[in-house]
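Residues per chain, in single letters:
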Amino acid sequence: MIYTYLGPAGTFTEAALLQVPGAAQATRVPSTNVNTALEMVRCGEADAAMVPIENSVEGGVSATLDAIATGEPLQILAEVLVPITFVLTVREGVESLAQIRTVATHGHAWAQCRGWAEKNIPKAEFVPASSTAAGALGLLDPLAHHDAAISSPLVAAEENLRVLAGPVEDNAGAVTRFVLVGKPGPIPEPTGNDKTTVILPLAEDRPGALMEILEQFVVRGVNLSRIESRPTGEGLGHYFFSVDVEGHLAQARIADALTGLHRVCPDLRFLGSYPAAGGLVTTVDDHTSDKAFARANAWVAGLRGNLGS
Ligand SMILES: O=C(O)C(=O)C[C@]1(C(=O)O)C=C[C@@H](O)C=C1
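Just so you know, these numbers come straight off a predicted model, no measurement behind them.

Caption draft 1: Molecular detail of the overall build of the protein chain. Helices and strands together make up the secondary structure of the protein chain, namely nine helices and 15 strands. Principal-axis analysis of the C-alpha atoms gives the protein chain an extent of 90 × 45 × 35 Å. Considering only residue pairs separated by 6 or more positions, the protein chain has 75% of its internal contacts joining residues 24 or more positions apart. Summed over all atoms, the accessible surface of the protein chain reaches about 15,100 Å², with 55% contributed by carbon and sulfur. Mean positive and mean negative side-chain charge positions of the protein chain (21 and 34 charges, respectively) differ by 3 Å.

Caption draft 2: Quick peek at the domain arrangement of the protein chain. Domain annotation for the protein chain reports domain 1 (1-83 + 175-185), domain 2 (87-165) and domain 3 (186-309). Each of domain 2 and domain 3 has a C-alpha centre, and the two are 43 Å apart.

Caption draft 3: Quick peek at the UniProt feature "domain: ACT" (unreviewed entry) in the protein chain. Per the UniProt record, "domain: ACT" (unreviewed entry) is annotated on residues 198-275. Helix makes up 29% of residues 198-275 and strand 35%, with an end-to-end C-alpha separation of 15 Å.

Caption draft 4: Fine view of the pairing of strand β1 (residues 2-6). Within β1, four of the five residues are buried, which leaves the element mostly enclosed by the surrounding structure. Sheet topology note: the β1/strand β2 (residues 27-31) ladder contains five bridges and is parallel. Bridging across to β2, Y5 finds its partner in P30. Crossover connection from β1 via helix α1 (residues 12-17) to parallel β2: handedness right-handed. With three bridges joining them, β1 and strand β3 (residues 48-55) adopt parallel strand pairing. Bridging across to β3, T4 finds its partner in A49.

Caption draft 5: Molecular detail of the sheet that holds strand β12 (residues 194-201). Taken together, four strands build an open sheet; the order of strands is β13-β14-β12-β15 and the sheet is antiparallel. Edge strands, defined here as strands with exactly one partner in the open sheet, are β13 (224-231) and β15 (269-275). Taken over all neighbouring pairs, the strand axes of this sheet differ in orientation by 15° on average, direction set aside. Where β12 lies against β15, six bridges are found, and the strand directions are antiparallel. Bridging from a neighbouring strand, D194 pairs with P275 of β15. This element, helix α3 (residues 62-69), spans β12, β13, β14 (239-246) and β15 of the sheet and lies at about 85° to β13. Contacts between helix α7 (residues 209-218) and the sheet are confined to β12, β13 and β14, with β13 contributing the most and set at about 155° to the helix.

Caption draft 6: Fine view of the sheet that holds strand β8 (residues 125-128). Ordered in space as β8-β7-β9-β6-β10, the five strands form an open sheet in which the pairing is mixed. A single partner strand is all that each edge strand has here, and the edge strands are β8 and β10 (162-165). Put simply, the sheet's adjacent strands are angled 35° from each other on average, direction ignored. In terms of strand pairing, strand β7 (residues 102-105) meets β8 through four bridges, oriented parallel. Looking at the pairing, A104 lines up with V127 of β8. On top of the sheet, helix α4 (residues 107-120) reaches β6 (87-90), β7, β8, β9 (148-151) and β10; it is set at about 135° to β7, its chief contact.

Caption draft 7: Just the site of the ligand, in detail. Around the ligand, the surrounding shell holds 14 residues, and the nearest of these are F12, T13, Q112, T132 and T176. At a separation of 2.9 Å, an oxygen atom of the ligand approaches a polar backbone atom of F12. In the environment of the ligand, an oxygen atom lies 2.9 Å from a nitrogen or oxygen atom belonging to the side chain of T176. In isolation the ligand has 370 Å² of accessible area, and contact with the protein removes 100% of it. Of all elements in the fold, only α1, β3, α4 and β11 (175-182) reach the threshold of two or more residues within the shell around the ligand. Considering only residue class, the shell around the ligand consists of five nonpolar, nine polar and no charged.

Caption draft 8: Focus on the UniProt feature "domain: Prephenate dehydratase" (unreviewed entry) in the protein chain. Residues annotated in UniProt with the feature "domain: Prephenate dehydratase" (unreviewed entry) correspond here to residues 2-183. A distance of 13 Å separates the end C-alpha atoms of residues 2-183, which is 27% helix and 31% strand.

Caption draft 9: Looking closely at the packing of aromatic side chains. Evaluation of the coordinates by the stated rule reveals two aromatic pairs. With a centroid separation of 5.5 Å and 85° between ring planes, the pair formed by F12 and F86 is classed as edge-to-face. Taken together, the positions of F12 in helix α1 and F86 in the loop between β5 (75-83) and β6 put the pair 74 residues apart, joining distant regions of the chain. Among the residues examined, F12 registers a relative accessible area of 12% and is labelled buried. Residue classification places F86 among the buried residues on the basis of a relative accessible area of 2%. A centroid spacing of 5.1 Å and a plane angle of 5° characterise the contact between W110 and F126, whose relative ring orientation is stacked. Note that W110 is positioned in helix α4 and F126 in strand β8, a separation of 16 residues in sequence. For W110, a relative accessible area of 12% translates into the label buried. A residue is classified by how much of its surface remains accessible, and F126, at 25% relative accessible area, is partly exposed.

Definitions and limits used
Residues numbered from 1 in each chain as written. Predicted model: local features only at pLDDT ≥ 70, side-chain atom pairs only at ≥ 80, totals over all residues. Heavy atoms only, no water. Helix = DSSP H or I, 4+ residues; strand = E, 2+ residues; numbered from the N terminus. Contact = heavy atoms within 4.5 Å. Areas by Shrake-Rupley, 256 points an atom, 1.4 Å probe, with all protein chains shown as cover. Lys, Arg positive; Asp, Glu negative; His and termini not counted. Charge placed at Lys NZ, Arg CZ, Asp CG, Glu CD. Domains from an automatic or database assignment. UniProt positions renumbered as here; feature names shortened; annotations may be inferred. Buried < 20%, exposed > 50% of the residue type's maximum accessible area, 1.4 Å probe, protein only. Pairing = 2+ DSSP bridges. Right-handed = clockwise from strand over helix to strand, strands pointing away. Axes fitted to C-alpha atoms, helices over the stretch in contact; angles between N-to-C directions. Near = heavy atom within 4 Å. Polar contact = N/O pair within 3.5 Å; in protein donor to acceptor, adjacent residues only side chain to side chain. Nonpolar A, V, L, I, M, F, W, Y, C, P; charged D, E, K, R; others polar. Phe/Tyr/Trp six-rings, centres within 6.5 Å; stacked < 30°, edge-to-face > 60°.

What follows is the structure, encoded as structure tokens:
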């Protein structure tokens, strides 16, 4: 098994990948960005890619949401949660916060530490890095010029970097959610606590279009755990919705909701059903249970048996 992930080694994404059973023993190839990681899967150079999809403070990771919604189809195989905490590390020679003029980190990490930075290093300019680990490693590179980096405490310790402050995140207890993505194939078995992800392009901009989509879930008792609108790139006002719901394709209420969605949104994309991480407990009302659907379908089939007779 070959895995790729948003690298280099020491990113939160690598920490997420290491939670996947067997990944620590498998080949792990770092990619410099999410698109490259997903392309490696599409062209068969990697069997699966671990990529960040949302953070509890900063929200959706646009690069991932867009890349899995378009292009050659992909499938989410698993999700992993990683608690996030950051430290501020500095280049040799930087002794105090007052000396810092430039800080390198991933845009999502900067957004989670912006309040701390404005207060403690107000003169420092943000230098975007491809990941938190890349920003930290830059401190050891004489050709990179940033004074400081915001990264995980782990990469700071592994690289023997001087930590000047930490934790530096604005919200303690932040969590990033990562997804393991492969080529479309067998769907993981239902566990009873699963998620299903779909991409729903709005066919036309008219009153009630989003409502029509959402009611497909509501009437089948399906709970949404994430909904995000992303621009399609075709101009202002053109969006698709990226939606996670609680449940598995193997369950009648999810299959029935997808049937309904296909009628109102024929270009929808199924991105997979996979076990939910983090102790999600899904409760299903009696009237939307598999048994209730089976009874209702049998009843209609019975009525239809009399058609034309
Ligand atoms: O830069 C990293 O270490 C990553 O794994 C990327 C990433 C992200 O894109 O959300 C992951 C977790 C943190 O929230 C910040 C950055």
